Amino acid sequence: MNKKNLLLGFLIGIATTLLGSYLFISFFSEFKFIAGIQIMKFQGNLGKLITLGSILTLIAFAILLKMNKEIMARGVVLAVIALAILTLFI
């Protein structure tokens, strides 16, 4: 059960980051999502986009802690750590 909750928290962290990145591209650029990602990658700003997209993960983390879902919150933190390592190599 704990590994399942940890994996679910990890998926929540990744999903909120993707949602945050989508919202950032939609609101602050005139490009579509896929074109925006390609342009950000070409400009070398893909890591910054992922970092800005991770802001929504804070909200998910706070909600999970409020609901006493500590293991899922650990999964969200694990997703943030994985994304931070990913942005180092991009």
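Residues numbered from 1 in each chain as written. Predicted model: local features only at pLDDT ≥ 70, side-chain atom pairs only at ≥ 80, totals over all residues. Heavy atoms only, no water.

Colleague: Which parts of the structure should I look at to understand the overall build of the protein chain?
Modeller: When you go through the protein chain residue by residue, the secondary structure sums to five helices and zero strands. Start at the N end of the protein chain and walk to the C end: the helices and strands fall as α-α-α-α-α. Out of the 90 residues in the protein chain, the part that is buried amounts to 28%. Accessible area of the protein chain: about 6,300 Å², with a carbon and sulfur share of 73%. (Helix = DSSP H or I, 4+ residues; strand = E, 2+ residues; numbered from the N terminus. Buried < 20%, exposed > 50% of the residue type's maximum accessible area, 1.4 Å probe, protein only. Areas by Shrake-Rupley, 256 points an atom, 1.4 Å probe, with all protein chains shown as cover.)

Colleague: Any chance you could explain the nonpolar core here in plain terms?
Modeller: The tendency in soluble globular proteins is for nonpolar side chains to be buried side by side. Among the nonpolar cores identified, the biggest contains six residues, and these are Ile-25, Met-40, Leu-46, Leu-49, Ile-50 and Leu-83. Sorting elements by how many residues they give to this core places helix α3 (residues 46-53) first, with three residues. Excluding residues within four positions of it along the chain, Met-40 makes contact with Phe-24, Asn-45, Leu-46 and Leu-49. (Core = buried A, V, L, I, M, F, W, Y, C linked by side-chain atoms within 4.5 Å. Contact = heavy atoms within 4.5 Å.)

Colleague: Can you help me understand the UniProt feature "transmembrane region" (unreviewed entry) in the protein chain in this one?
Modeller: Here, the residues flagged by UniProt with the feature "transmembrane region" (unreviewed entry) are residues 6-25, 46-65 and 71-89. In this annotation, residues 71-89 is assigned 100% helix and 0% strand; the end-to-end C-alpha distance for the span is 28 Å. (UniProt positions renumbered as here; feature names shortened; annotations may be inferred.)

Colleague: Before we go on, may I ask you to explain α3 in this structure?
Modeller: An α-helix turns once per 3.6 residues; consequently, residues spaced three or four apart project the same way. All of the buried residues along α3 are Leu-46, Gly-47, Leu-49, Ile-50 and Gly-53. Along the axis of α3, the buried residues cluster in a sector spanning 160 degrees; they form a single face. Residues of α3 that are buried sit in contact with α1 (2-28), α2 (33-43), α4 (55-66) and α5 (70-89). (Arc of directions from axis to C-beta.)

Colleague: What is the right way to read unusual backbone geometry from this model?
Modeller: In this structure, Asn-68 takes a positive phi of about 60 degrees despite not being glycine. Its location among the elements puts Asn-68 in the loop between α4 and α5. Given the relative accessible area of 56%, Asn-68 is considered exposed.

Colleague: What's the story with α5 in this structure? I'm lost.
Modeller: In this model α5 runs 29 Å from its N-terminal to its C-terminal C-alpha over 20 residues, within 8% of the 28 Å that 1.5 Å per residue would give. Those residues of α5 lying buried are Met-72, Ala-73, Gly-75, Val-76, Ala-79 and Leu-83. For α5, the angular spread of buried residues about the axis comes to 150 degrees, placing them on one side. Exposed and facing more than 90 degrees away from the buried side of α5 are Arg-74, Leu-88 and Phe-89. Looking at the buried side of α5, the elements it contacts are α1, α3 and α4. (Expected span 1.5 Å × (residues − 1).)

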